[in-house]
Every structure is written in C-alpha cells, then in structure tokens.
Amino acid sequence: MTTSSPSPPDYEALLRTAGVRITRPRRTILKILGEAGDHPDALEIFRRASVIDPSISLSTVYRTMRLLEEKGAIHRHAFGGGPSRFEQADQGHHDHLIDIDTGAVVEFRSDRIEALQDEIARELGYDIVFHRLELYARKRRQA
Ligand SMILES: [Zn+2]
C-alpha cells in the first residue's frame with residue numbers, strides 16, 4: 001500500500017485541457033488545490049484564495065468549483081455528508097480514509113483492494129467503471 005503525495009501540476013494546461021478559459025481566480029483556485037494535501041472545502045479554499053487575491057469572492061469560489069467539477073478538472077467529495085471537499089482530478093486513482101475525530105483525510109491505494117473489487121464485480125457479472133472507497137476511522141490509542 002502506498003500513500004500518494006500530489007506533484008505540482010501545470011495549472012494552465014489543466015484549464016486548457018478542460019476547455020476552460022484561464023482567468024486569475026480560476027488559476028488561483030487551482031493552484032491552491034494543487035498545493036493542498038487536505039481536500040479543503042469551498043470555505044477553506046476561499047480563505048486561502050483571499051490571502052493571494054483579496055478581490056476573490058465566495059460566490060466566485062463556488063462558481064469556479066462547480067465549473068471545474070463539470071469539466072472534470074477536480075473531484076468533489078462529500079465525506080460523511082459534510083460540506084463538499086475538493087481535490088484535483090489528475091492525481092491518479094486513490095481511496096480515502098477519513099479520521100472521524102479530526103476530519104483529516106488520508107489517501108491510500110491498495111492493489112489488493114483494487115483486485116478484490118474487480119473480482120467481486122466480475123463474479124456479479126459486472127465490470128467496474130469507477131469506484132470510490134471511503135474508510136471512516138478513529139486513530140488507535142498508543143498503549
Ligand atoms: Zn484524495
């Protein structure tokens with residue numbers, strides 16, 4: 001099993017690939033997401049964006065997140081029914097473990113789980129198109 005760390009992507013290329021016109025707020029927001037390892041929600045993205053560009057509004061953030069999601073440039077998660085949290089789409093497949101006490105999100109990938117899911121779907125007569133796996137967990141106490 002491996003934990004993944006995001007590598008710095010080319011934001012403008014990402015927007016171009018998504019067919020989205022490059023604007024300063026969009027670039028700022030993508031940059032924030034590219035550097036975030038914590039799957040921030042829109043409010044947190046807004047907070048970070050405001051530091052870089054005080055003219056950004058919360059509605060711009062919401063609008064941009066919706067647009068980028070539609071274009072497939074970012075993924076939206078609703079971990080545990082909480083506020084939507086976001087990450088860039090081009091980070092390779094991984095699953096998430098959510099710490100239910102702190103809300104921290106840990107990324108992982110397990111070839112055994114991937115293989116097992118394929119096997120289960122096949123036995124049921126299906127091919128997996130995509131999947132999401134979320135583990136809700138509590139940190140073990142150290143003895
Ligand atoms: Zn993730």
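If you're wondering where the values come from, they're calculated on a predicted model, not measured in any experiment.

## Remarks on the overall build of the chain
Okay, step 1: Within the chain one finds five helices and five strands.
Okay, step 2: When the helices and strands of the chain are read in sequence order from the N terminus, they spell out α-α-α-α-β-β-β-β-α-β.
Okay, step 3: Burial statistics for the chain: of 143 residues in total, 34% are counted as buried.
Okay, step 4: Of all intrachain contacts in the chain linking residues separated by at least 6 positions in sequence, the fraction that spans at least 24 positions is 51%.
Okay, step 5: Of the roughly 9400 Å² of accessible surface on the chain, 52% is carried by carbon and sulfur atoms.

## A closer look at the coordination of the zinc ion
When a metal holds four donors in a tetrahedron, each ideal angle between them is 109.5 degrees; when it holds six in an octahedron, the ideal angles are 90 or 180 degrees.
Okay, step 1: Listed as protein donors to the zinc ion are His39 (NE2), Glu87 (OE), Glu87 (OE), His94 (NE2), His96 (NE2) and Glu107 (OE); their distances from the metal cover 2.0 to 2.6 Å.
Okay, step 2: If you look at the zinc ion, its six donor atoms make angles of 53 to 166° with each other, and the shape they trace is irregular.

## A word on the sheet that holds strand β5 (residues 134–137)
Okay, step 1: The strand order across the open sheet formed by three strands is β4-β3-β5, and the pairing between neighbours is mixed. In the strand order of this sheet, the two ends are held by β4 (105–108) and β5, each with one partner. Each neighbouring strand pair of the sheet contributes to a mean axis angle of 25°, computed without reference to strand direction.
Okay, step 2: Across four bridges, the pairing between strand β3 (residues 95–99) and β5 is parallel.

## Comments concerning the packing of helix α2 (residues 24–35) against helix α4 (residues 58–70)
Okay, step 1: Contact pair α2 / α4: the axes reach a minimum separation of 10 Å and the direction vectors enclose 75°. Here α4 runs roughly perpendicular to α2, going by the angle between their axes. For the pair formed by α2 and α4, the contact residues are Pro25, Arg26, Ile29, Leu30 and Leu33 on the first element and Thr60, Val61, Thr64, Met65, Leu67 and Leu68 on the second.
Okay, step 2: Tallied by class, residues from the contact of α2 with α4 come to eight nonpolar, two polar and one charged.

## A look at the pairing of β3
As a general feature of sheets, a regular strand has side chains that alternate between the two faces.
Okay, step 1: Counting buried positions over the five residues of β3 gives four, a clear majority of the element.
Okay, step 2: Sheet analysis places β3 next to β4, joined by four bridges and oriented antiparallel. Opposite Ile98, over in β4, you have Val105 as the bridge partner.
Okay, step 3: As consecutive antiparallel partners, β3 and β4 are separated by five residues, and within that stretch Gly103 has a phi angle of approximately 80°, a positive value.

## Section: unusual backbone geometry
Okay, step 1: Despite not being glycine, His39 has its phi angle at roughly 55°, a positive value.
Okay, step 2: Its place among the elements puts His39 in the loop between α2 and α3 (42–52).
Okay, step 3: When its relative accessible area of 2% is taken as the criterion, His39 is described as buried.

## A closer look at the nonpolar core
Okay, step 1: Counting 18 residues, the largest nonpolar core has Ile45, Val61, Met65, Ile74 and Phe86 as the members making the most contacts within it.
Okay, step 2: When contributions to this core are tallied by element, the ones reaching two or more residues are α1 (11–17), α2, α3 and α4.
Okay, step 3: In terms of residue count, α2 provides more of this core than any other element does, four residues in total.
Okay, step 4: Residues within four places of Met65 in sequence aside, it is in contact with Ile29, Leu33, Ile45, Ile74 and Phe86.

Quick notes on the rules
Residues numbered from 1 in each chain as written. Predicted model: local features only at pLDDT ≥ 70, side-chain atom pairs only at ≥ 80, totals over all residues. Heavy atoms only, no water. Helix = DSSP H or I, 4+ residues; strand = E, 2+ residues; numbered from the N terminus. Buried < 20%, exposed > 50% of the residue type's maximum accessible area, 1.4 Å probe, protein only. Contact = heavy atoms within 4.5 Å. Areas by Shrake-Rupley, 256 points an atom, 1.4 Å probe, with all protein chains shown as cover. Donors = N, O, S within 2.8 Å, 3.2 Å for Na, K, Ca; no water. Tetrahedral: all angles 85-135°; square planar, octahedral: opposite > 155°, others 65-115°. Pairing = 2+ DSSP bridges. Axes fitted to C-alpha atoms, helices over the stretch in contact; angles between N-to-C directions. Parallel < 35°, antiparallel > 145°, perpendicular 65-115°, else oblique. Nonpolar A, V, L, I, M, F, W, Y, C, P; charged D, E, K, R; others polar. Core = buried A, V, L, I, M, F, W, Y, C linked by side-chain atoms within 4.5 Å.

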